[in-house]
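Listed below are the residues making up each chain.
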Amino acid sequence: MKGNCVVCNAQTELKCQGCVERGVSSVEIKFYCGKGHQTVDWKNGHNRICCTKPKSKSIGFHVYQFKITLVGAEAPFVGDMIQPPIWRRIQINKNSTFRDLHKAISISMGWFECHLHEFRTASGDVIGMPHDEDFGMVKKTIPERSVKLVTHFKNIGDSCVYEYDFGDGWIHEILLEGIHLADDKVVYPTCVGGERACPPEDVGGVYGYSELIAAYQKSNNSRNKNEREKIDWVKNHSFGYKNFHPDRFVPSEVKWNMFNSSVWEQ
């Protein structure tokens, strides 16, 4: 089978092995006339979709790779973004529902499922768990258990907004980075990357979190009374933040055993 190099249009038989291994259709397979032009195309973003060295045997279904970025507050406070960013990279079965994605976000981020949440899609849909506040609203909440991810995430680069805790107003950007064949050695969902610890529950949104970080950046002797009280509040928090450190996150320590727990169905 021959095709045209995506960089120079020369006819060639050299296929992108990542495309082949992902099982894409013949018309979607990318061709290159040489390694140099493959490198050019990969630098332009194709490397986020394909990998020429699969980890192990595929088990027949596809997974979505999402990057979850905690951007902070919504407009008019969108400029108050958290820096450095707090983010996670997860992989989840493509056939999952938005309910499954909510659980994966909560577990990988470190939220404790004690506040309301919702997804807001590019098409304007609001997806979540219908609640009393829906009464009188123009846009009703669509039950997240009934909506598959594939209905809103069709192409690399598709995104939506996820908000957790309408009081603190934690806004997350959910970006579809890649679509891969599942690995038979991996249990999904899984977290494959990320940086920085999730803010403690009920810290007070972006402003409260910023004050907490400022307190952590000072030595104990240089903290004022208010800052010492903030640190003590975190250490004595009912959700157990005794060993909290803003810069610490280890993907392998994410506890996925809670993903199928009945607590999510309450």
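Here, every reference points to the structure presented above.
Described below are features of the structure shown in this document. Note that the structure is predicted; figures quoted are calculated from it, not measured.

**Here's the deal with the overall build of the chain**
1) Next: For the chain, the helix and strand inventory stands at five helices and ten strands.
2) Next: Residue pairs at least 24 apart in sequence account for 66% of intrachain contacts in the chain once pairs closer than 6 positions are excluded.
3) Next: With an accessible surface of roughly 14400 Å², the chain has 51% of that area assigned to carbon and sulfur atoms.

**Points about the pattern of salt bridges**
1) Next: By the definition in use, this model includes ten salt bridges.
2) Next: Residue Asp100 pairs with Lys103 through a salt bridge whose shortest N-O separation is 3.8 Å. A residue pair is termed a helical-turn pair when its members lie 3 or 4 positions apart in one helix, as Asp100 and Lys103 do in helix α3 (residues 98-109) at three residues.
3) Next: Where Arg120 meets Glu118, a salt bridge forms, and the shortest distance between an N and an O atom there is 2.6 Å. In this structure, Arg120 and Glu118 share a single accessibility class: buried.
4) Next: Taken together, the shared-partner salt bridges connect Arg99, Glu113 and Glu144 into one network.

**Considerations on unusual backbone geometry**
Excluding glycine, most residues fall at negative phi; most peptide bonds, likewise, are trans.
1) Next: Note the cis peptide between Gln83 and Pro84, where omega equals -10°.
2) Next: In this structure, Pro84 sits in the loop between β3 (58-72) and β4 (86-93).
3) Next: Along the chain, Tyr188 connects to Pro189 via a cis peptide bond; the corresponding omega equals 0°.
4) Next: Of note, Pro189 is situated in the loop between β9 (170-183) and β10 (190-195).
5) Next: Residue Asn9 is not a glycine yet carries a positive backbone phi of 70°.
6) Next: Mapped onto the secondary structure, Asn9 falls in the loop between β1 (3-4) and β2 (11-12).
7) Next: Using a relative accessible area of 53% as the deciding quantity, one classes Asn9 as exposed.

**Observations concerning the packing of helix α4 (residues 205-216) against helix α5 (residues 225-235)**
1) Next: Put simply, α4 and α5 touch, their axes get as near as 9 Å, and they point 100° apart. When the axes of α4 and α5 are compared, the pair comes out roughly perpendicular. For the pair α4 and α5, contact is made by Glu211, Leu212, Ala215 and Tyr216 and by Glu227, Lys230, Ile231 and Val234, respectively.
2) Next: When the residues that make up the contact of α4 with α5 are grouped by side-chain class, the tally is five nonpolar, no polar and three charged.

**Some details on the side chain of Thr97**
1) Next: Examined against the element boundaries, Thr97 turns out to sit in the loop between β4 and α3.
2) Next: Exposure remark for Thr97: the relative accessible area of 12% places this residue in the buried category.
3) Next: With residues near it in sequence (within four places) discarded, Thr97 still touches Glu144, Arg145, Val147, Lys148 and Leu149.

**Thoughts on α4**
1) Next: Counted at 1.5 Å a residue, the expected span for α4 with its twelve residues is 16 Å, and the 17 Å between its end C-alpha atoms agrees.
2) Next: Within the span of α4, buried status applies to Gly205, Val206, Gly208, Tyr209, Leu212, Ile213, Ala215 and Tyr216.

**Some thoughts on the environment of Asp41**
1) Next: Relative to the helices and strands, Asp41 is located in helix α2 (residues 35-43).
2) Next: Of the residues examined, Asp41 reaches a relative accessible area of 9% and is grouped as buried.
3) Next: Linking Asp41 and Val7, residues 34 residues apart in sequence, is a C-alpha distance of 7.1 Å.

**Observations concerning the side chain of His117**
1) Next: For His117, the location among the structural elements is in strand β5 (residues 117-121).
2) Next: A relative accessible area of 4% means that His117 is categorised as buried.
3) Next: At 2.8 Å, the side chain of His117 and the side chain of Glu144 are in polar contact.
4) Next: Residues contacting His117, with those up to four places away along its chain left out, are Arg99, His102, Gly128, Met129, Glu144, Tyr162, Glu163, Tyr164 and Phe166.

**A closer look at the pairing of β4**
1) Next: Where burial is concerned, most of β4 is hidden: six out of the eight residues are buried.
2) Next: Pairing analysis gives five bridges linking β4 to β10, with the strands arranged antiparallel. Each residue of the ladder has a partner; that of Trp87, found in β10, is Glu195.

Analysis parameters
- Here the residue numbering is sequential within each chain, running from 1 through the sequence in written order.
- Whole-chain, interface and lining totals are the exception, using all residues; otherwise, since this is a predicted model, local features are given only for residues with pLDDT of at least 70 and side-chain atom pairs are given and counted only at 80 or more.
- Neither water nor hydrogens contribute to the side-chain values; these are computed over all heavy atoms in the structure.
- Think of it this way: any DSSP run of H or I at least four residues long counts as a helix, any run of E at least two long counts as a strand, and we number them from the N terminus.
- A contact between two residues is defined here by any heavy atoms of the two lying within 4.5 Å.
- Methods summary: accessible areas were calculated by the Shrake-Rupley approach with a probe of 1.4 Å, and residue burial reflects only the protein chains presented.
- Only one rule defines a salt bridge in this text: a Lys or Arg side-chain nitrogen within 4 Å of an Asp or Glu carboxyl oxygen.
- Relative accessibility under 20% of the residue-type maximum defines a buried residue, over 50% an exposed one, and the middle range a partly exposed one, all with a 1.4 Å probe and only protein chains included.
- To obtain each axis, a line is fitted to C-alpha atoms, and for helices this fit is confined to the stretch in contact; angles are then taken between N-to-C directions over 0 to 180 degrees.
- An angle below 35 degrees is treated as roughly parallel, one above 145 as roughly antiparallel, one from 65 to 115 as roughly perpendicular, and anything else as oblique.
- Ten residue types, Ala, Val, Leu, Ile, Met, Phe, Trp, Tyr, Cys and Pro, are classed as nonpolar, four, Asp, Glu, Lys and Arg, as charged, and the remainder, Gly among them, as polar.
- To estimate the expected span of a helix, count its residues, drop one, and scale the result by 1.5 Å.
- Two N or O atoms count as a polar contact when they lie within 3.5 Å, although within protein this holds only if one can serve as hydrogen donor and the other as acceptor, and sequence-adjacent residues are included solely when both atoms are side-chain atoms.
- Here a strand pair is declared whenever DSSP counts at least two bridges between the two strands.

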